[in-house]
Amino acid sequence: MSTSGNGPKGKMAAATLAALGIVFGDIGTSPLYAFRECFHSEHHDALPSPENLIGAASLILWSLILVVSVKYLFIILRLDNRGEGGILSLSALIRRLSKPKGGKDPRLILLLGLAGAALIYADGMLTPAISVLSAVEGLSFSAPKVAHYTIPIAVALLVGLFAIQKHGTGKVGNLFGPVVLLWFTTLAVLGLSSVVQSPQVLLALSPWEGIGFLIREWNHALPMLGAVFLAVTGGEALYADLGHFGKRPIRIGWFSVAFPALMINYLGQAALLTRDQSAIAHPFFLMAPEFLRLPLTILASAAAVIASQALISGAFSLTTQAIQLGCLPRFSVRYTSQHEKGQVYVPAVNWLLAVACVLLVVTLKTSSALASAYGIAIAVTMFITSVMFVYAAPLALGWSKTKTLLIGSLFLIIEFGFLIANATKILHFGWLPLVVAGVVMSQMLIWLWGRERLLKKMTKESLPVDILLKEISRGAIHRVSGIAVYLTGRNNQVPGALLHNLKHNKVLHETVLLLHVETTDESRVDPGERLDLIELGEGMMDVTLRFGFAETPDVPQMLGTYLPEKIRFKPGKTTFFLGRETYRMSKDANMFDRIRLSLFGAMARNASPATAYFQLPPGRVVELGAQITL
């Protein structure tokens, strides 16, 4: 097998390096604050005695082993949906596999997926804030004269980070891997130099040290577990970024680089504190010699920006998946690369996250204060992933119920402990990400409810295609040359735009395509399942065009590729008819429905036009309005 850069090993090494830059940025910056928060917290006063330091390090190491290595790397990564990962993808996978087995579409799984997605948005505003601020706080030790500029510098980095999102990450993406590789190497070197001086911390490799610590410090156990959880908060990102790199590069990157470096660094921080308890103010930076602290602060800031970039990009990808699955209205989505799928920019999400991050930094001011709000959202997300694993393993992996329940129960017990521990943060700003997630999920549920109500209303008032065909066969409708495409959300029903065109223009094109665009529960659609065409007669055809939830819905391109040649479809010579509805509330709607309808109407009005979303040629689109009472 070739070992050159162009051979299989070279490609795998390149993919692993890229995965280091994108996938492990979040969990890789946890040493900046995780171990410190175990003892440097206003919410508990556990003493940093040598046995307690070893116990805390043991808890962190075994959390990385059980939650990240065993759960995510060995098991959850196997639950891919045609190569895509993440909680929405897992929800779609379970729903898709349930249908062929005669089960109903599990509503609970949809709700769990939406809740997990909403919580990731909440995490998206906290991760950049805490990562960047904790890195810049290194100035207190490396350049004390400028330490009072910590907040302005952190804000400037965050604003710059969000400002460059519109240019995409493709041009700078190649730099991420080497920088993060240097970061992990630095973590390992710093930790190893400290462990050599206090090798007794290697006792932390025993899980009994962690268990003994929890028993000994039982009155501080919950807040302590909340701090320990900060070390594994990037675990969910390993699954969410599965579609970008695949299982193998992520696993190689974790076991060969990220995990050993993190393990050694946490042991090194524990070793430093056994020698000097005053270093608890910031054990990560104080492990380094004084002359290296400024370069270390710069490197930490770069790693924090990269970690933030990965999560921001994940929020963009999650938004496009939610739009495709019909859980959110159409946002303006810009594709920042002509070659790399998945590189997207969503302006509305970008600037909402930017404002939230800046407000958090300016309001809370320190990474310790941010840590009091951080963790609860990801703890709930991880717990939801474990619940969904119990549903998915028998369907996707063929596991027996006994095996699934045994392994699932292990995950749920561990993560329930973390969830209860993080629940203690709710009174200390931990409520903030839960409120944000609640608002996002409410929007998703209102959008789903409004679309379902709209579909029922339009189906009730629409005209069956058979009646229109009879009118055409009688010669009562004048025909003109050309092809017209009418987008419709329903099969066997005449679109409202077509009825309005007949009412006002009194003509019909000689070839009419009633197009239903369907988003499947798969990430990508096989070519053989892309398009279904039924000839209805009189030049009318029922067309179903399918896209996976991770695909770009380029309607003209796919119609040109998959429609039979005899139709002679050409986007530049085809007229696309769209309906644009405005909504009015019925008089008998109750107060709760009126609120939901008002919010649904506002979201619909601010949605991105279908012309841009479906990549339709603007000069060939005709929009016909209608008012609908809901």
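Residues numbered from 1 in each chain as written. Predicted model: local features only at pLDDT ≥ 70, side-chain atom pairs only at ≥ 80, totals over all residues. Heavy atoms only, no water.

Colleague: Teacher, can you tell me more about the packing of aromatic side chains here?
Modeller: Pairs of aromatic rings are described using the distance from one ring centre to the other and the angle between the two planes. Summed over the entire model, instances satisfying the criterion amount to 18 aromatic pairs. Pairing Trp 183 with Phe 284 gives two aromatic rings, centres 5.4 Å apart and planes at 40°, and the pair type is tilted. Of this pair, Trp 183 sits in helix H9 (residues 170-197) while Phe 284 sits in helix H15 (residues 283-286), and the two are 101 residues apart along the sequence. Both residues of the pair, Trp 183 and Phe 284, belong to the buried class. Look at Trp 447 and Phe 600: their rings are 4.9 Å apart centre to centre, the planes differ by 40°, and that puts the pair in the tilted class. Placement of the pair is Trp 447 in helix H21 (residues 426-461) and Phe 600 in helix H25 (residues 591-605), with a sequence separation of 153 residues. Phe 600 matches Trp 447 in its accessibility class, with the two residues each being buried. Members of the aromatic cluster, connected to one another through ring pairs, are Phe 24, Trp 254 and Phe 259. Over the ring of Trp 399 we find Lys 403; its NZ or CZ atom is 4.2 Å from the centre of that ring. Seen from the ring of Trp 449, Arg 596 lies directly overhead, with NZ or CZ sitting 3.9 Å from the centre. (Phe/Tyr/Trp six-rings, centres within 6.5 Å; stacked < 30°, edge-to-face > 60°. Helix = DSSP H or I, 4+ residues; strand = E, 2+ residues; numbered from the N terminus. Buried < 20%, exposed > 50% of the residue type's maximum accessible area, 1.4 Å probe, protein only. Lys NZ or Arg CZ within 6 Å of the ring centre and 35° of its normal.)

Colleague: Before we go on, may I ask you to explain the nonpolar core in this structure?
Modeller: Across soluble globular proteins, you tend to see nonpolar side chains buried next to one another. Counting residues in hydrophobic clusters, the biggest one holds 175 residues, and the most contacted among them are Phe 24, Phe 35, Leu 64, Trp 183, Phe 184 and Trp 254. It is helix H6 (residues 107-136) that contributes the most residues to this core, 19 residues altogether. Look past the residues within four positions of Trp 254 in its chain and what remains in contact with it is Phe 24, Ile 27, Leu 64, Val 68, Ser 69, Leu 73, Phe 259, Pro 260 and Leu 262. The next biggest cluster of nonpolar side chains, apart from the first, holds 17 residues, and it includes Leu 468, Ala 497, Leu 514 and Met 540. (Core = buried A, V, L, I, M, F, W, Y, C linked by side-chain atoms within 4.5 Å. Contact = heavy atoms within 4.5 Å.)

Colleague: What is the right way to look at the packing of helix H8 (residues 150-163) against helix H17 (residues 347-364) in this model?
Modeller: Think of two packed helices as two axes; the pair is described by the angle between the axes and how far apart they sit. Remark: H8 packs on H17, axes separated minimally by 10 Å, with the N-to-C direction vectors making an angle of 175°. Judged by the angle between their axes, H8 and H17 are roughly antiparallel. Contacts between H8 and H17 pair Ile 151, Ala 154, Val 155, Leu 158, Val 159, Phe 162 and Ala 163 from the former with Asn 350, Trp 351, Leu 353, Ala 354, Cys 357, Val 358, Val 361 and Val 362 from the latter. Residue composition of the contact of H8 with H17, grouped by class: 14 nonpolar, one polar and no charged. (Axes fitted to C-alpha atoms, helices over the stretch in contact; angles between N-to-C directions. Parallel < 35°, antiparallel > 145°, perpendicular 65-115°, else oblique. Nonpolar A, V, L, I, M, F, W, Y, C, P; charged D, E, K, R; others polar.)

Colleague: So what exactly am I meant to see when it comes to the environment of Val 196 here?
Modeller: Residue position: Val 196 is located in helix H9. Residue Val 196 is classed as exposed on the basis of its relative accessible area, which comes to 60%. Expressed as a C-alpha distance, the spacing of Val 196 and Asn 492, which sit 296 residues apart in the sequence, is 74 Å.

Colleague: What am I meant to see in the pattern of salt bridges here?
Modeller: One pass over the structure, following the stated rule, counts 13 salt bridges. Here the salt bridges share partners, and the residues they tie into one network are Arg 36, Glu 37 and Glu 137. (Salt bridge = Lys/Arg side-chain N within 4 Å of Asp/Glu carboxyl O.)

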